[in-house]
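The primary structure of each chain is shown beneath.
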Amino acid sequence: MSTEDRPPAPRSLAEALRARGDAALGALLRGRPDLITPVPTDLTQLATRAGTRASVVRALERLDRFALQTAEALAVAADPAAYDELLGLMAGDDADPAVVAALPHALDVLREQALVWGGDDRLRLVRTARELLAPAPQHPSPTGLGPTVQEATAGMSPGRIQEIVTAAGLASTHDSVSAVTALTGLFTDRARMTALLADIPADSLEVLERLVWGPPYGQVTADPAARLRRLLDRGLLLPTAPGTVVLPREVALHLRRGLAHRTPEPLPPVVEAVAVHRPQVVDSTAAGQAYTALATVEELLKDWDEGGPAVLRAGGLSVRDLKRTAVALDVPEPVAAFWVELAYTAGLIASDGEADERYAATPAYDEWLEAPPAERWSRLVTAWLTATRTAGLVGGRDAKDRTLSALGPGLDRSAAPEVRHRVLALLAGLPEGAAPDAGSVLARLRWERPLRGDRREDDPRARLAEWALSEAELLGVTGRGALSAHGRALLGPAAAAQHPEAEPAGSAGPGDKLPVHHHHHRPTPVAPLSPAEQAVASAAAARLLTPQLPEPLDHVLLQADLTAVAPGPLRRPLADMLGVLADVESKGGATVYRFTPGSVRRALDAGQAASDLHSFLTAHSRTPVPQPLAYLIDDVARRHGQLRVGAASAYVRCDDDAVLGEILADKRAAGLGLRRLAPTVLAAQADPAGLLEGLRSMGFAPAAESAEGDVLITRALAHRTPPRTAPEPVPDGPPVPDDVLLAAALRAIRAGDLASTTPRKPGTAPAVNGELPRTGSAETLATMQAAVLTGEALWIGYVNAEGTASQRVIAPVRVEGGFVTAYDHTADEVRTYPLHRITGVAELADDAG
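Report follows, based on the coordinates. (Residues numbered from 1 in each chain as written. Predicted model: local features only at pLDDT ≥ 70, side-chain atom pairs only at ≥ 80, totals over all residues. Heavy atoms only, no water.)

The next thing to look at is empty space enclosed by the protein. For the structure on display, the rule yields five cavities of 30 Å³ or more. Quantified by volume, the largest cavity comes out at close to 80 Å³. Around the largest cavity, the lining residues are Phe-338, Glu-341, Leu-342, Thr-345, Trp-384, Ala-387, Arg-389, Thr-390, Ala-391, Arg-420 and Glu-471. Residue contributions to the lining of the largest cavity peak at four residues, all from helix α18 (residues 333-345). In the lining of the largest cavity, the residues fall into five nonpolar, two polar and four charged. Each pocket or cavity is described by its volume, and for the second largest cavity that value is around 50 Å³. Looking at the lining of the second largest cavity, the elements with two or more residues in it are α21 (416-428) and α24 (460-475). At four residues, the largest contribution of residues to the lining of the second largest cavity is made by α24. Of the residues belonging to the lining of the second largest cavity, the class tally is six nonpolar, one polar and two charged. (1 Å grid on protein atoms, 1.4 Å probe; cavity = no way out; pocket = protein on both sides within 12 Å on 5 of 7 lines; lining within 4 Å. Points joined across faces, edges and corners; volume = space filled by probe spheres on them. Helix = DSSP H or I, 4+ residues; strand = E, 2+ residues; numbered from the N terminus. Nonpolar A, V, L, I, M, F, W, Y, C, P; charged D, E, K, R; others polar.)

Written out as structure tokens, the structure is:
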């Protein structure tokens, strides 16, 4: 392209944005969604918003390490800088080929995000980014470089500058500006600088070496030592304040062989695999853990079925209640906190909202319980993937040094869903069956988002990633550390299409390192899914998991020691009934239930007869019902209901008066306040529940009765909250716009820009900062009517019913009844506008396109 044909260089970011196509503008708005909240009126306002401090900080935080290093290098380059200068700062004198290959892409990212604009001959970092990243005494540059010679000598006396120039072997000049220019020229000339430093003794060079990679500032006394004096005399160190000296940027860059960064990192760290397993082993292990996850959540909810722990005044579970839950689930407290938070996030538990507020299962739990196992797992894992609540924080302290409790406030971390998704995506990039080295996963994440973690002692994204790895194993998304087939499906079709073929592992065992090819290319990250896409992916994962789950059994093995062994998961009716009739003694691959007088009585209290229990056990046991168990059931049933307890405040009645006499004679009955009302009735001062408990502790088996004298069936009443919605995730900034919103926003911005940049006729005041044209109502009407006759287009200012102002270019067709009907060039359609909402009108120049 000749110089005449080349488009003029943009003079501002707004002009650079104006030259972009819709695809490039759309990419900017997707990458920085805060820029269209609300939608800018035109491209000038978009450019202004893209340069605000909050927006620039957010954009810098989302750069990978090499793109950020490129921005940091531009901040210490000339403004504007040529591409070759930037390349020298990034690749150094040795022109590192990896940096040379990666730099164009990094620069494209910075341009796409509107952090850099201009052609390769005039690269400009947006002013706010330069202020954030350039060296200053208050905040050192991430490069470790100091100010330039020109900046460092700004307050120096002309005589002192001339002394430095002379000591450096340069001819004296007539003014400070030319002297500083000559000194800068010397320091940036590799050959001359090498000759200058060759004459500097080793002890002085050692001082420079200590400052070269930063920080560039040092302290000196009023009478510096000879090794420092030699450097100060030649300008190799420059004073910035009394007692402080700085290494000029040009000198440091010479000593660094041109590098702005000690270690440029053009390539992301490779995620290493530390072990390889057969994919079938991974899938079956993960499926087994998925089933355990379902059983654990069911056990938790069963434990809270009649009303769970109380809600703390500040919200959440008490430490004591979390300990109790951990004991009931037989897991450590942090793991118990995870299951509690997961059930809450999935909408299965919530606060009941009563005066004495407690946690309880929601109606959604009953629906969840009826779904097939794989579908139930899918719902749990989808809630985990998208939740911002972070169970790993439980037990920590908030900003006000208050303890963070499970189900309490302060557990949301908006980055959590993205980190979980990214961790799984990195695992999906490994060969099937490969388990990653956790350290290499964290190193990769730090490269992808360096700004947040690298400047803090505690890297929050690293903690989120560590929790994501352990929680994925708990949920059965991974097995033995490797991503399962159903776990891969959770990431959607893109992950399945992108994952590498499994590499031949040879004789690699579970502890061997898997060979990984270090491809020198920038992998395409798998984007997080929309809610609709995630629902489809989760359903696909459930389909893959279904054949891997163990088939529920309809039988148990009864043993002579009053136990039953369930060799696997049981079908729901059998599990529910056995849970009433017996107590769980141990869990694992097989569950052991123990029958006791108390557990049998519990089944009888629930309305079962002895014959029902015998039939149930006979039907569901693969072994004959042992005699001791049959005798236990008959013995408890024989005495069950012999005594009747009702409300007097309470009474006991029994057809056998000798039994009542036995009770009265027992010293243990003293606290019940019993007295005989009739040969077959005793009255008590205790309430019915206390009386029942007291008689049972004495070895009797009483039954409660109703006011009509019928036996009360004391089934556990399931306590449910009113309908509750699951907690909403806390977004990490504005949501990424969908295609419909993006198209509408682009149309509106282009329309506003057309209206604000269309040339006006001479004498018409140009629009300044989106200012609307202003004319009186009579002049507006007359101009409109004239334009109807001539067919000319007009520039108008318009305020809609919501009070939003905009500029538009219209061609009036008809004016009547207080309305103008016109073809709106900015919207590309015919519209009708009320005249009283038009702020003013101006004619366009004849050559306005």
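There's more to say after this.
Once that is clear, we can look at the sheet that holds strand β4 (residues 238-241). As summarised here, the arrangement of the three strands in space is β3-β5-β4, forming an open sheet in which the pairing is antiparallel. If you trace the sheet from one side to the other, it starts and ends with β3 (217-219) and β4, each paired once. When strand polarity is set aside, the average angle formed by the axes of neighbouring strands in this sheet is 40°. Where β4 meets strand β5 (residues 244-246), three bridges bridge the pair, whose relative direction is antiparallel. The residue bridging Leu-238 from the neighbouring strand is Val-246, located in β5. (Pairing = 2+ DSSP bridges. Axes fitted to C-alpha atoms, helices over the stretch in contact; angles between N-to-C directions.)

Before going further, it helps to examine the pairing of strand β23 (residues 819-824). Every regular strand shows the same layout, with side chains that alternate between the two sheet faces. As paired strands, strand β22 (residues 805-816) and β23 are joined by six bridges and run antiparallel to one another. Directly across from Ala-811, in β23, lies its bridge partner Tyr-823. In this structure, the hairpin formed by β22 and β23 is closed by a connection of two residues, where Gly-817 is found at a positive phi of approximately 60°.

Okay, the packing of helix α20 (residues 373-386) against helix α27 (residues 531-545) next. In the contact formed by α20 and α27, the axes pass within 9 Å of each other and the chain directions differ by 140°. One element, α20, and the other, α27, form an angle in the oblique class. The handedness of the crossing between α20 and α27 is right-handed. Listed contacts from α27 to Ala-374, Glu-375, Trp-377, Ser-378, Thr-382 and Leu-385 of α20 are Gln-534, Ser-538, Ala-539, Ala-541, Ala-542 and Leu-545. Residue composition of the contact of α20 with α27, grouped by class: seven nonpolar, four polar and one charged. (Parallel < 35°, antiparallel > 145°, perpendicular 65-115°, else oblique. Left-handed = near helix turned anticlockwise from the far one by under 90°. Contact = heavy atoms within 4.5 Å.)

Among the residues of helix α32 (residues 657-665), those classed as buried are Val-659, Leu-660 and Ile-663. Angular distribution of buried residues about the axis of α32 spans 100°; they occupy a single face of the element. Residues Ala-658 and Ala-665 are exposed on α32 and point more than 90 degrees away from its buried face. In this fold, the buried residues of α32 make contact with β17 (650-653), β18 (675-678), β19 (681-684) and α33 (688-697). Between the side-chain oxygen at the start of α32 and the backbone nitrogen of Ala-658 there is a gap of 3.0 Å, and the oxygen is on Asp-656. (Buried < 20%, exposed > 50% of the residue type's maximum accessible area, 1.4 Å probe, protein only. Arc of directions from axis to C-beta. Polar contact = N/O pair within 3.5 Å; in protein donor to acceptor, adjacent residues only side chain to side chain.)

This next bit is on helix α2 (residues 22-31). Listed in full, the buried residues belonging to α2 are Leu-25, Gly-26, Leu-28 and Leu-29. The buried residues of α2 occupy one face: seen down the axis, they fall within an arc of 160°.

Throughout the structure, instances matching the rule amount to 36 salt bridges. For Arg-30, the salt bridge identified is with Asp-739, shortest N-O distance 2.6 Å. Taken together, the residues Arg-30 in helix α2 and Asp-739 in helix α34 (residues 739-757) connect sequence positions 709 residues apart. A residue is classified by how much of its surface remains accessible, and Arg-30, at 37% relative accessible area, is partly exposed. Look at Asp-739 and you get exposed, because its relative accessible area is 55%. Where Asp-605 meets Arg-696, a salt bridge forms, and the shortest distance between an N and an O atom there is 2.9 Å. With Asp-605 in helix α29 (residues 597-605) and Arg-696 in helix α33, the pair connects residues that are 91 residues apart, well separated along the chain. Judged by its relative accessible area of 12%, Asp-605 is buried. (Salt bridge = Lys/Arg side-chain N within 4 Å of Asp/Glu carboxyl O.)

By themselves, these observations are geometric and do not establish any function.
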